[in-house]
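A look at the structure
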Amino acid sequence: MSVDTETVKRVARLARIKASEDDATRMTGELNAILGFVEQLDEVNIDGVEPMTSVVEQTMKKRADGITDGNKAGDITLNAPASEDSFFMVPKVVE
């Protein structure tokens, strides 16, 4: 796949990037080099290769799923202007 200056200008306009004629010419070469590299990657045989999320084998760090800090509703509502039974009290806004 090859990109020309008109395609670069169109992509720049869609991305809302101001690109002069010199910029478009420079970006054409850069984009063609990137696309050439991607085409090389398409040639690699990946049959039987498992997808990876990292290049280093890792296991997820997991924590115990347990309650660690509860029954604090009374402490949380201490700073509230008005509270009742560990609930925040607010003025009525709908009648």
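Anyway, here's the lowdown on the structure attached to this text.

Right, let's talk about the overall build of the protein chain for a bit. Looking only at helices and strands, the protein chain has three helices and two strands in total. Principal axes of the C-alpha set define a box for the protein chain whose edges measure 70 × 45 × 25 Å. For the protein chain, the proportion of its 95 residues judged to be buried stands at 7%. When the accessible surface of the protein chain is totalled, it reaches about 9400 Å², and 56% of it is carbon and sulfur.

To continue, consider the pattern of salt bridges. For the coordinates displayed, the defined rule picks out four salt bridges. Residues E6 and K9 are paired through a salt bridge, measuring 3.9 Å at the closest nitrogen-oxygen approach. Of this pair, E6 and K9 both sit in helix α1 (residues 5–14), three residues apart, which is roughly one turn of the helix. The residue D23 makes a salt bridge to R26 at a minimum N-O spacing of 3.6 Å. Note that D23 and R26 are positioned in helix α2 (residues 21–42) at a spacing of three residues, about one turn of the helix. Since its relative accessible area comes to 45%, R26 is described here as partly exposed. Put simply, E6, K9 and E21 are held in one network by salt bridges that share partners.

The calculated volume of the largest pocket comes to roughly 170 Å³. As for the largest pocket, its lining consists of P51, M52, T53, S54, V55, V56, E57, Q58, T59 and M60. Here the lining of the largest pocket is built from residues that sort into five nonpolar, four polar and one charged.

What counts, and where the lines are drawn
- Residues numbered from 1 in each chain as written.
- Predicted model: local features only at pLDDT ≥ 70, side-chain atom pairs only at ≥ 80, totals over all residues.
- Heavy atoms only, no water.
- Helix = DSSP H or I, 4+ residues; strand = E, 2+ residues; numbered from the N terminus.
- Buried < 20%, exposed > 50% of the residue type's maximum accessible area, 1.4 Å probe, protein only.
- Areas by Shrake-Rupley, 256 points an atom, 1.4 Å probe, with all protein chains shown as cover.
- Salt bridge = Lys/Arg side-chain N within 4 Å of Asp/Glu carboxyl O.
- 1 Å grid on protein atoms, 1.4 Å probe; cavity = no way out; pocket = protein on both sides within 12 Å on 5 of 7 lines; lining within 4 Å.
- Points joined across faces, edges and corners; volume = space filled by probe spheres on them.
- Nonpolar A, V, L, I, M, F, W, Y, C, P; charged D, E, K, R; others polar.

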